[in-house]
There are 2 protein chains.
Amino acid sequence: MNGSCKKLDAIFRPRSVALVGITTANPEHWTRGFLEGYLKFDFPAHGRLYLVNPKGGKLEGLEVYKSIKDIPDSLDFVVGLVPSKSAPQLIKDSAAKGAGYIHFCTAGFSEIDEDEGKELESELLETARKYNVRIIGPNCLGVYCPKARMSFSELFPRESGRVGFISQSGGNSNYLIRQSALRGVRFSKVISIGNASDLNESDFLEYLAEDPETEVIAMYLEGIKNSDRFRKALAYAARKKSIVLLKGGATSAGARAVMGHTASIAGSRSIWQTLCRQLNIIQVENLDEMADMLVTLSFLPVPDGSRVLLFGGGGGSSVIIADEFERRGLTLPQLPDKVIAELREFSQAAGNFFNNPIDYSQSMEPANVRRALDILSRWGDFDLMVHFLVLSQSTRAADFPGGPLKLSHMPYPTAVVVAISIIPEETDRVYEYVNYYANEGVPVYFSYASAANAIKKVILHYRGRELHEKRTSEHQHRLYGGNSEVDLGLCS
Amino acid sequence: MNGSCKKLDAIFRPRSVALVGITTANPEHWTRGFLEGYLKFDFPAHGRLYLVNPKGGKLEGLEVYKSIKDIPDSLDFVVGLVPSKSAPQLIKDSAAKGAGYIHFCTAGFSEIDEDEGKELESELLETARKYNVRIIGPNCLGVYCPKARMSFSELFPRESGRVGFISQSGGNSNYLIRQSALRGVRFSKVISIGNASDLNESDFLEYLAEDPETEVIAMYLEGIKNSDRFRKALAYAARKKSIVLLKGGATSAGARAVMGHTASIAGSRSIWQTLCRQLNIIQVENLDEMADMLVTLSFLPVPDGSRVLLFGGGGGSSVIIADEFERRGLTLPQLPDKVIAELREFSQAAGNFFNNPIDYSQSMEPANVRRALDILSRWGDFDLMVHFLVLSQSTRAADFPGGPLKLSHMPYPTAVVVAISIIPEETDRVYEYVNYYANEGVPVYFSYASAANAIKKVILHYRGRELHEKRTSEHQHRLYGGNSEVDLGLCS
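Source: prediction; values computed, not measured.

## Regarding the overall build of chain A
And then number 1: Each helix and strand counted, chain A has 16 helices and 18 strands in total.
And then number 2: Taken over C-alpha atoms, the radius of gyration comes to 26 Å for chain A, in line with the 23 Å a tight globule of 492 residues would show.
And then number 3: Residue pairs in contact within chain A that sit at least 24 positions apart in sequence constitute 74% of those at least 6 positions apart.

## Considering the relation of the copies chain B and chain A
And then number 1: Between chain B and chain A, the superposition needs a rotation of 180° and an axial shift of 0.0 Å, giving an RMSD of 0.0 Å. Here the symmetry operator amounts to a two-fold rotation axis. Taking C-alpha positions as reference, the residue of chain B nearest the rotation axis is Ile 422 of chain B, located at 3.4 Å.

## A closer look at the nonpolar core
And then number 1: Among the nonpolar cores identified, the biggest contains 307 residues, and Leu 294 of chain A together with Leu 294 of chain B are the most heavily contacted of them.
And then number 2: Every residue in contact with Leu 294 of chain A, bar those within four places of it in the chain, is listed here: Val 163, Ser 180, Val 185, Val 216, Ala 218 and Val 244 of chain A.

## Some details on unusual backbone geometry
Residue and element names in this part refer to chain A.
And then number 1: For the bond running from Gly 137 to Pro 138, omega is -5°, close enough to zero to count as cis.
And then number 2: On the secondary structure map, Pro 138 appears in the loop between β7 (134-136) and β8 (142-144).
And then number 3: The backbone of Glu 60 sits at a positive phi, close to 50°, despite the residue not being glycine.
And then number 4: Along the polypeptide, Glu 60 turns up in the loop between β3 (58-59) and β4 (62-65).

## Topic: the sheet that holds strand β14 (residues 308-312) of chain A
All names here are of chain A.
And then number 1: Across the sheet, 5 strands lie side by side as β15-β14-β16-β17-β18; this open sheet has parallel pairing. Edge positions in the sheet fall to β15 (358-359) and β18 (444-445), since each of these pairs with one other strand and no more.
And then number 2: Here strand β16 (residues 384-389) pairs with strand β17 (residues 414-418) via 5 bridges, running parallel. Looking across to β17, one finds that Met 385 is bridged to Thr 414.

## Focus: the sheet that holds strand β9 (residues 160-167) of chain B
Residue and element names in this part refer to chain B.
And then number 1: Taken in spatial order, the 6 strands of this open sheet run β8-β10-β9-β11-β12-β13, and their pairing is mixed. Of all strands in the sheet, those with a lone pairing partner are β8 (142-144) and β13 (282-284), marking the two edges. The average angle at which neighbouring strand axes cross in this sheet is 20°, direction not considered.
And then number 2: The pairing of β9 with strand β10 (residues 187-192) spans 6 bridges and is classified as parallel. Within β10, the residue paired with Phe 165 across the bridge is Val 190.

## With respect to helix α15 (residues 424-440) of chain B
And then number 1: Given a rise of 1.5 Å per residue, 17 residues ought to cover 24 Å, and the 25 Å separating the end C-alpha atoms of α15 of chain B matches this to within 8%.
And then number 2: Among the residues of α15 of chain B, those classed as buried are Glu 426, Thr 427, Val 430, Val 434, Tyr 437 and Ala 438 of chain B. The arc enclosing the buried residues of α15 of chain B, seen along the axis, measures out at 105°, which places them on a common side.
And then number 3: Buried residues belonging to α15 of chain B abut α15 (424-440) of chain A together with β17 (414-418) and β18 (444-445) of chain B.
And then number 4: Following α15 of chain B by one or two positions, Gly 441 of chain B adopts a phi angle in the positive range, close to 75°.

## Re the interface of chain B and chain A
And then number 1: Chain B puts 76 residues into the contact, and the matching count from chain A is 75 residues.
And then number 2: Those elements that provide at least two residues to the side of chain B that touches chain A are α6 (170-181), α9 (252-262), α11 (287-299), α12 (315-327), α15 and α16 (448-480) of chain B.
And then number 3: The element that contributes the greatest number of residues to the side of chain B that touches chain A is α12 of chain B, accounting for 11 residues.

## Observations concerning the confidence of the model for chain A
Residue and element names in this part refer to chain A.
And then number 1: Chain-level pLDDT for chain A is 90 on average; 93% of the residues reach the 70-or-more range.
And then number 2: When the criterion is pLDDT under 50, residues 482-492 qualifies, and its contacts beyond four places in sequence or with other chains add up to 20 contacts.
And then number 3: Both scores are available for the predicted complex, with the pTM at 0.94 and the ipTM at 0.93.

## Looking at the pairing of strand β5 (residues 77-80) of chain B
All names here are of chain B.
And then number 1: By the alternation rule, side chains of β5 split into Phe 77 and Val 79 and Val 78 and Gly 80, which are all buried.
And then number 2: With 4 bridges connecting them, strand β1 (residues 16-20) and β5 associate as parallel partners. By the bridge assignment for β5, Ala 18 is matched with Val 78.
And then number 3: Pairing between β5 and strand β6 (residues 101-104): 4 bridges, direction parallel. Across the sheet, Gly 80 pairs through a bridge with Phe 104, a residue of β6.
And then number 4: At this point the chain moves from β5, through helix α4 (residues 87-96), to the parallel β6, and the crossover so formed is right-handed.

## Some points on the environment of Ala 99 of chain B
All names here are of chain B.
And then number 1: Relative to the helices and strands, Ala 99 resides in the loop between α4 and β6.
And then number 2: Looking at Ala 99, the number of C-beta atoms within 10 Å reads 24, which means it is buried.
And then number 3: Once the C-alpha coordinates of Ala 99 and Phe 77 are considered, the two residues, 22 residues apart in sequence, prove to be 5.5 Å apart.
And then number 4: Setting aside its immediate chain neighbours within four residues, Ala 99 contacts Leu 75, Asp 76, Phe 77, Val 78, Ser 94 and Val 133.

## A closer look at the packing of helix α4 (residues 87-96) of chain A against helix α5 (residues 115-130) of chain A
Relative orientation and spacing of two packed helices are given, respectively, by the angle between their axes and the distance between those axes.
Residues and elements named next belong to chain A.
And then number 1: In the contact formed by α4 and α5, the axes pass within 9 Å of each other and the chain directions differ by 10°. When the axis of α4 is compared with that of α5, the two are roughly parallel. In this structure, α4 uses Ala 87, Pro 88, Ile 91 and Lys 92 to contact α5, whose residues at the interface are Glu 123, Leu 124, Thr 127 and Ala 128.
And then number 2: Residues of the contact of α4 with α5, tallied by class, amount to 5 nonpolar, 1 polar and 2 charged.

## As for the environment of Cys 105 of chain A
Residue and element names in this part refer to chain A.
And then number 1: Inspection of the secondary structure puts Cys 105 in the loop between β6 (101-104) and α5.
And then number 2: Overall, Cys 105 belongs to the buried group, with 25 C-beta atoms counted inside 10 Å.
And then number 3: Taking the C-alpha atoms as reference points, Cys 105 and Gly 80, separated by 25 residues in sequence, lie 6.0 Å from one another.
And then number 4: Residues in contact with Cys 105, not counting those within four places in the same chain, are Val 79, Gly 80, Leu 81, Gly 137, Cys 140, Leu 141 and Gly 142.

## Quick look at the packing of helix α7 (residues 201-210) of chain B against helix α8 (residues 227-240) of chain B
Residue and element names in this part refer to chain B.
And then number 1: Taken N-terminus to C-terminus, the directions of α7 and α8 make an angle of 20°; their axes are 9 Å apart at the nearest point. Considered as vectors, α7 and α8 are oriented roughly parallel to each other. The crossing of α7 and α8 is left-handed. Mapping the contact onto sequence places Glu 201, Ser 202, Leu 205, Glu 206, Leu 208 and Ala 209 in α7 and Arg 229, Phe 230, Ala 233, Leu 234, Tyr 236, Ala 237 and Lys 240 in α8.
And then number 2: In the contact of α7 with α8, the residues fall into 8 nonpolar, 1 polar and 4 charged.

## A few points about the pairing of β16 of chain A
Residues and elements named next belong to chain A.
And then number 1: Where burial is concerned, most of β16 is hidden: 6 out of the 6 residues are buried.
And then number 2: Side chains of β16 alternate between two faces, with Leu 384, Val 386 and Phe 388 and Met 385, His 387 and Leu 389 buried alike.
And then number 3: Summarising the sheet, β14 and β16 pair through 5 bridges and their orientation is parallel. By the bridge assignment for β16, Gly 312 is matched with Phe 388.

## A word on the environment of Asn 368 of chain A
And then number 1: When you line up the elements, Asn 368 of chain A lands in helix α14 (residues 366-379).
And then number 2: Excluding anything up to four places from it in sequence, Asn 368 of chain A contacts Phe 346 and Ser 347 of chain A.

What counts and how
- Numbering of residues starts from 1 in every chain and runs along the sequence as written.
- Throughout, the order in which chains and ligands are written sets their labels, letters from A for the former and numbers from 1 for the latter.
- Two thresholds apply to this predicted model, a pLDDT of at least 70 for residue-level local features and 80 or more for giving and counting side-chain atom pairs, whereas whole-chain, interface and lining totals are computed over all residues.
- Working definition: helices are DSSP H or I runs of at least four residues, strands are E runs of at least two. Numbering for both runs from the N terminus.
- For the radius of gyration, the atom set is restricted to C-alpha positions; the globular benchmark scales as 2.2 Å times the number of residues to the power 0.38.
- By the convention adopted here, residues are in contact when the distance between their C-beta atoms, placed from the backbone, does not exceed 7 Å.
- When the copies are superposed, the least-squares fit draws on C-alpha atoms of residues that have pLDDT of at least 70 in both.
- Nonpolar cores are identified as sets of buried Ala, Val, Leu, Ile, Met, Phe, Trp, Tyr and Cys residues joined via C-beta atoms within 7 Å.
- Exposure classification rests on a simple neighbour count of other C-beta atoms within 10 Å of a residue's own: a residue reaching 20 or more is buried, one at 12 or fewer is exposed, and one in between is partly exposed. C-beta atoms are placed from the backbone.
- Pairing between strands requires that DSSP locate at least two bridges from one strand to the other.
- Note on definitions: angles span 0 to 180 degrees between N-to-C directions of axes, and those axes are lines fitted to C-alpha atoms, for helices only across the stretch in contact.
- To estimate the expected span of a helix, count its residues, drop one, and scale the result by 1.5 Å.
- Note that the arc is computed from the directions linking the helix axis to the C-beta atoms.
- Note on scores: pLDDT gives the predictor's confidence for each residue, bounded by 0 and 100.
- Seen with its strands pointing away from the viewer, a crossover is right-handed when the path leading from the first strand over the helix to the second is clockwise.
- An angle counts as roughly parallel when it lies under 35 degrees, as roughly antiparallel when it exceeds 145, as roughly perpendicular when it falls between 65 and 115, and as oblique in every other case.
- We call Asp, Glu, Lys and Arg charged. Ala, Val, Leu, Ile, Met, Phe, Trp, Tyr, Cys and Pro are nonpolar, and the rest, Gly among them, are polar.
- Crossing handedness is defined as follows: a turn of the near helix away from the far one that is anticlockwise and smaller than a right angle gives a left-handed crossing, while the clockwise case is right-handed.

In structure tokens:
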């Protein structure tokens, strides 16, 4: 790890943090979300949290200092919630307190398409350089790092995980964290970078590529500050970790929105597609698809191939899920006669019970499903199993008979589809099942199509990695006689 | 309307119905779903409902006859819930009571891939022919017709609508009805046809093509009994109504599942695709996409073109929704300077407020959104407006500020995306908004991608109809001097 990477590490382990510009009057004000986050994550019990507002007073039992200068302590990290015009002064004051990093949440810089905003952002950057302070933002939500007990929301999971996420949009980071957390995904570090005028996507990508706590890197990017550097960082990171990329601004209207959102130049869509293909990066089109990929990369053991055994309830459902999987190039092997004979021993013949998909809705007591799964597991001529559950196909009020099937110790990679529903009498049960499988560490999806898409893309990604590793290890063997770590000189 | 069509009409207005084989002992038994449906829809207050079970007794205040022969009345329609072996006898007994139609819910016929089942189904058909009774099914859920107060589930809406649905799967009909009802779609007639050994997809398609209560026809089909007849019926129906088709068994595994489910031959995927393109039929890949189409066809006024104005909250959301819409060929016109100047009068410049998508999250009081919409409506250089709402992008617990925007009387076709969420603190609010817009008659979607997909496909469909109508009227004018109804002789 070189100096730059080491230094960024300090962002994710501050001992003292100041929230500067937090509103004392109105508990509904957005700035209070940061205090709620740091309190929920118990930062004060592990570090020192300071609040600053010119009005002073007390908030949640903590003293509110009238000025950052009044804080009787040095600072590691400052969260700037001040108006854009006060930002340069905050840099100077923070530097005087020893802070190496300031996150500016504040908007109203280059993204507003007016000279004043652009000039302010230049001034911000000049001041930061002069006072040797690095900036995250402006116009962003900053850092969520559960291990460091830093969070810009109280709604995020407190547990750490293996996914690092760089997001140019704060709202998109909230959405991705919350929607994928529901399905068990946990994060090492999330950085909402906004306008990224100082520390940018390349800095954090280089950092996460080396970060031992991060195995999967997700990125929502609108534009790139230095494309040569970014390409290098991306190529390097893609060799070390799985990367999921959502490139915002792929269309002309999207690119216009990008300019107004974070003052970025979106770049050509085909260049991004080519880059992702070359580097074996999983490209997605929206945040739901990104969540699907993170769920898959986090929980699906690497399948040996793409032969899928589908089982669940419903004749029409079986037909549709079969189509959704095969349409995407996954195959559904037929059950051999031997397996069918074993299944026949304890279940009556009806409809699709002896097929793949196995529709057990008409012929099986829930207790026998377990027995059938054992028989199928012993057979084992497939690479993964997908269990599907659809409440709304019933004639009568919502229930899945027999409760959730325990699937976490199946001898094959296993996934579950629980069809999402907000029909009032169904939502609680859908949530309960999603939560059950998330806690079991089984990947869970909300539709057949999204499951098939994510599983297929991730299988292709793993295949790409294998090929690469094979090529690399042969190459290395020739060059270095088996030394497995090749130093690319990018961030080490 | 020819004899066959007229006769089918009797299915949908029975005065006396018998549920034969309903379980008296176990209230959890699936056969009870039919009784619940007929009671919930108040059939007994408008017609005569009879229950039959060899054990006799009483159920829900109704006498249970030990045999259909004991019913002191003639019958119009019989729901057969008896074991498959008793089915032929039930045909004879029903015929003796004057019933012209029997729906057999019972499974265990040709779909079980055993000689016994196939023979039973042949016997069923022969008996029906002999006794001049028409059969719906077997292996299906039969008829849902709110106007006739017939329903196989108590969970369906009681109000009638303009969508007719023919489904070869009972579970899929439940799913589609319930999931699209949530978003305001209402049905004229739904027929779950199962094995379709007597009355089949062509019979009901010809019927719905003529049915004045049906404007949109949806079909979930697995296989076709008589493809020449079906092609003709489809071509005829497609000239009169909008058709949405989900063809199950598009892949080899799907086709296998089709065989086990309803004993149908799935047929080639490319033939279906060509047919749909030629006939301007909207083809979909799953039931969620079908629901999206029904919502769009039911509620979106026909747009003049595909220029979309998007407005909602969130910088990152704006970028992604713009991409999702433009990627599918919808265009997002830029706001002209004049409109921007008007908007500037009462809102501060920030981010994407003066762009399309209009992101009002940072610059607008909810009250001013209305004012902005008025300005935009007066401008009007677009063909439809889409409002988007995403709860999970917030840092703090779920809320949309200001409550739902009243959009039903906007002077342009208007749609709403409410991002679906089963996060417990969000679901109620998402449901409330979906329900609000469904009641307003505004089409509501669960994701940007699904909204863009449905709107684009339906716009193309309407364009196809216009072209066809133009061609047809020119053709008719030449042939008939302006007589607008051409009788194709298929079902009239």
